[in-house]
Amino acid sequence: MINEKLKFYFLSMVILFSLTSNAQDKLSRIKNHILNSNSSLSQKDKLDFSELVHPTVGVRTTTKEDNDIDVGLSKIGGKPDLPNNFNWPKRGNELLTFCAQYNLEEIKAFDVANVLPSSGIIYVFIYIDKEWPGFLSQKNSYKLIFHEKTNDLVRTDFPSNYFMEGIFQPVKIEYFESYTIPDDESITLKYFQEKYEDFYSLYNSTYEYIENVTELNIDDFNQVLGYDRSIQSSVMFDFAERELEISTRSEWELKQSEIFELSKKYKLLLQLDSANSTNLEKFGGSSTIYFGIEPKDLKMRNFNNIIMVFQGT
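Rules used in this analysis
- Residues numbered from 1 in each chain as written.
- Predicted model: local features only at pLDDT ≥ 70, side-chain atom pairs only at ≥ 80, totals over all residues.
- Heavy atoms only, no water.
- Helix = DSSP H or I, 4+ residues; strand = E, 2+ residues; numbered from the N terminus.
- Expected span 1.5 Å × (residues − 1).
- Buried < 20%, exposed > 50% of the residue type's maximum accessible area, 1.4 Å probe, protein only.
- 1 Å grid on protein atoms, 1.4 Å probe; cavity = no way out; pocket = protein on both sides within 12 Å on 5 of 7 lines; lining within 4 Å.
- Points joined across faces, edges and corners; volume = space filled by probe spheres on them.
- Nonpolar A, V, L, I, M, F, W, Y, C, P; charged D, E, K, R; others polar.
- Salt bridge = Lys/Arg side-chain N within 4 Å of Asp/Glu carboxyl O.

A. Structural view of helix 6 (residues 199-214). In this model helix 6 runs 23 Å from its N-terminal to its C-terminal C-alpha over 16 residues, within 8% of the 22 Å that 1.5 Å per residue would give. Of all the positions in helix 6, only Phe 199, Leu 202, Tyr 203, Thr 206, Ile 210, Glu 211, Val 213 and Thr 214 are classed as buried. Count one or two residues on from helix 6 and you reach Glu 215, which has phi positive near 55 degrees.

B. Region of the structure containing the layout of surface pockets. The space that makes up the largest pocket amounts to roughly 510 Å³. Lining of the largest pocket is provided by 29 residues; of these, Gly 226, Tyr 227, Tyr 266, Lys 267 and Leu 268 occupy positions nearest its centre. Sorting the residues of the lining of the largest pocket by element identifies strand 1 (54-63), helix 7 (235-244), strand 14 (267-273) and helix 11 (295-299) as the ones contributing at least two each. Here the residues of the lining of the largest pocket are counted per class, giving 16 nonpolar, seven polar and six charged.

C. Just the pattern of salt bridges, in detail. Evaluated as defined, the whole model comprises 16 salt bridges. Of the charged contacts, one joins Lys 265 and Glu 294 as a salt bridge, the two residues approaching to 3.3 Å between their closest N and O atoms. Of the two residues, Lys 265 is situated in the loop between helix 9 (256-262) and strand 14 and Glu 294 in the loop between strand 15 (288-293) and helix 11; the sequence distance between them amounts to 29 residues. Residue Lys 296 is joined to Glu 294 by a salt bridge in which the shortest nitrogen-to-oxygen separation is 3.8 Å. By sharing partners, the salt bridges in this structure join Glu 243, Lys 265, Glu 294, Lys 296 and Asp 297 into a single network.

Here's what the structure looks like:
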């Protein structure tokens, strides 16, 4: 009888350990992939590279009707869930377009570093240039708004003077555990790139391994936190170029050192895919929209200095 109780106890402990260590197990598997690789990197450099694997909040999207998405939950498109007396953001006299809302309580379980507020909601609004027509990528053409509560939200009709063509198909967001590594052109990887000819081989195999372990859809660029998954070069350079207001090749060549330094300044807050499971592509084409934030602003819960850039094919 005692033996049977012991067996049950140990079996329960094994199951409990398996459940509680599952998240760590994925990270360990990714790191072990690097540490046990046949790469020419020294063991110390393999360890240093493995430490760059960053927890990331993965995003899966499913097309739904607004009525099938509870008020306050994360979604792209549809009608926004807003507090009473909400001050709709404008560019001049024109209303910005509602694109998405992110419920931070849903994200909390996957924000292992606790860098985001544990509750509240973040809204994304972007201005549509009607002449283009398309999303306008300028300093005053977008707004991210953080509201601390979610228990006072109401599904809200669009204002009468809203640009009705900018109403998008509702898409439900679900989050999952994921990981990212720096973009292959990131300044963070410069040491490895210069020292080892076969570094890119290890880099690419690690990227593919992460995709397999986390079941990441490589064609879906929606994401919260982590390193940017850029379509072109690292979007951190784009953030720097936007801050420096660089518009020509000659300006870029003159200010390369400033760009590289400023690229260290920002962290990715989120990226919003215009073309995946949503008709944001009506005005965003095949681009992904990236939002960057300075760590000091994120720590202070200040979302007023967000920087936005687009990358596309």
